[in-house]
Amino acid sequence: STWTLWVDKDSYNSSGWAWTNPYTKSGTSTSNVHSATDLKANANNVWVTGYINNTSTEQDGWTAELNTSGVQQWGTAFNGAANLNDAANAMYVDASGNVWIVGYTTISSSIKNAGIIEYNNTGSLQWDKTYTSTYNSVFTDIAMGIKCSAGIMVYAGGYVGTSGGDYKYILAAF
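Here the structure is a predicted model, which is why all the values come from computation and not from measurement.

**Student:** I'd love a proper account of the overall build of the protein chain, names of residues and values included.
**Tutor:** When helices and strands are tallied, the protein chain shows zero helices and 13 strands. N-terminal to C-terminal, the α/β element order of the protein chain is β-β-β-β-β-β-β-β-β-β-β-β-β. When each of the 174 residues of the protein chain is scored for burial, the buried share is 45%. Surface accessibility of the protein chain: about 9,000 Å² in total, with carbon and sulfur atoms responsible for 50%.

In structure tokens form, the structure reads like this:
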């Protein structure tokens, strides 16, 4: 199969798109672009995050930066230690272009830990952390949203599964 992720810039007039930049990977490749879950932009750059399918490590979180012409400046994938499904759900980008990503990393066939990652403005990994709730021995913890407070605190929100089959909201500060 073939997956294509489209990132388009609208020209705000009747002439159509200012640029369109598809990222396509074929099924014979080692990784296939699968889903974009969040997009941020400023006057100089566009950032997109989501996940890719990888034949050797299943699903990996993926983040890329494009310039205003749609040319990729950097792109990186995150694969958790278990080589199972990992995904990026949301991101925050500061004024310097540093990027924080939240999502999850799978640690066994049915258990996911909420995760947060920081990349600097060149796409280099600065740090990553995971959150495991007290219910996580058999259930899922997933981070779904992120906000930052003037680059001092990073707040991640999401949910955890409980033994009763319910879900509870989580909010973590880093």
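Structure shown, so let's carry the discussion forward.
**Student:** Report on the nonpolar core, specifying residues and quantitative values.
**Tutor:** Ranked by size, the top nonpolar core spans 12 residues in total: Ala 90, Trp 100, Val 102, Ala 114, Ile 116, Ala 143, Ile 146, Cys 148, Val 154, Ala 156, Val 160 and Ile 170. With residues up to four places along the chain from it excluded, the contact list for Trp 100 reads Ala 90, Met 91, Tyr 92, Asp 94, Ile 117, Glu 118, Trp 127, Ile 146, Cys 148 and Val 154. With 10 residues, the next largest nonpolar core counts Trp 47, Phe 78, Val 99 and Ile 101 among its residues.

**Student:** Can you explain the sheet that holds strand E10 (residues 125-131)? Please cite residues and give values.
**Tutor:** The strands that make up a sheet are held in pairs by hydrogen bonds between backbone atoms, and each pair lies either parallel or antiparallel. Spatial ordering of the open sheet is given by E7-E8-E9-E10, a layout of four strands whose pairing is antiparallel. Unpaired on one side and paired on the other, strand E7 (86-93) and E10 mark the two borders of the sheet. Strand-to-strand twist across the sheet, computed as the mean angle between neighbouring axes with direction ignored, equals 20 degrees. In terms of strand pairing, strand E8 (residues 99-106) meets strand E9 (residues 112-119) through eight bridges, oriented antiparallel. Looking across to E9, one finds that Val 102 is bridged to Ile 116.

**Student:** How would you summarise the packing of aromatic side chains if you had to cite specific residues and measurements?
**Tutor:** Two numbers describe a pair of aromatic rings. These are the distance of the centres and the angle of the planes. As enumerated under the stated definition, the model contains two aromatic pairs in all. The interplanar angle of 50 degrees and the centroid separation of 6.0 Å between the aromatic rings of Trp 74 and Tyr 119 together place this pair among those described as tilted. Taken together, the residues span a long stretch of sequence, with Trp 74 in strand E6 (residues 72-78) and Tyr 119 in strand E9 at a distance of 45 residues. Residues Trp 74 and Tyr 119 agree in their burial class; the two are buried. Note on Tyr 92 and Trp 100: the rings are 5.9 Å apart at their centroids and 50 degrees apart in plane angle, and the pair reads as tilted. For Tyr 92, a relative accessible area of 25% puts it in the partly exposed group. Judged by relative accessible area, which is 6%, Trp 100 ranks as buried. Here the guanidinium or amino end of Lys 129 rests over the ring plane of Trp 127, the centre of that ring lying 5.5 Å away.

**Student:** Can you break down the environment of Thr 68 residue by residue, with the values?
**Tutor:** Secondary-structure assignment places Thr 68 in the loop between strand E5 (58-67) and E6. Residue Thr 68 is classed as partly exposed on the basis of its relative accessible area, which comes to 32%. For the pair Thr 68 and Ala 41, spaced 27 residues apart in the sequence, the C-alpha separation amounts to 9.2 Å.

**Student:** Lay out the sheet that holds strand E11 (residues 141-149) with the relevant residues and their values.
**Tutor:** Strands sit in the order E11-E12-E13 across an open sheet of three strands; the sheet is antiparallel. Strands at the two margins of the open sheet, each flanked by one partner only, are E11 and strand E13 (167-173). Sheet twist, expressed as the average angle between the axes of neighbouring strands with direction ignored, equals 20 degrees.

**Student:** Can you lay out the side chain of Thr 76 for me, pointing to particular residues and giving the numbers?
**Tutor:** Position of Thr 76 among the secondary structure elements: in strand E6. Thr 76 gets classed as buried once you look at its relative accessible area, which sits at 19%.

**Student:** Go over the pattern of salt bridges, please, and point to the residues and values.
**Tutor:** Under the counting rule described, the total for this entry stands at one salt bridge. For Asp 38, the salt bridge goes to Lys 40, with nearest N and O atoms at 3.4 Å.

**Student:** Before we move on, can you summarise the side chain of Asn 45 with the specific residues and values?
**Tutor:** Take Asn 45: it is sitting in strand E4 (residues 45-54). Beyond its immediate sequence surroundings of up to four residues, Asn 45 is in contact with Lys 40, Glu 65, Leu 66, Asn 67 and Thr 68.

About the cut-offs
Residues numbered from 1 in each chain as written. Predicted model: local features only at pLDDT ≥ 70, side-chain atom pairs only at ≥ 80, totals over all residues. Heavy atoms only, no water. Helix = DSSP H or I, 4+ residues; strand = E, 2+ residues; numbered from the N terminus. Buried < 20%, exposed > 50% of the residue type's maximum accessible area, 1.4 Å probe, protein only. Areas by Shrake-Rupley, 256 points an atom, 1.4 Å probe, with all protein chains shown as cover. Core = buried A, V, L, I, M, F, W, Y, C linked by side-chain atoms within 4.5 Å. Contact = heavy atoms within 4.5 Å. Pairing = 2+ DSSP bridges. Axes fitted to C-alpha atoms, helices over the stretch in contact; angles between N-to-C directions. Phe/Tyr/Trp six-rings, centres within 6.5 Å; stacked < 30°, edge-to-face > 60°. Lys NZ or Arg CZ within 6 Å of the ring centre and 35° of its normal. Salt bridge = Lys/Arg side-chain N within 4 Å of Asp/Glu carboxyl O.

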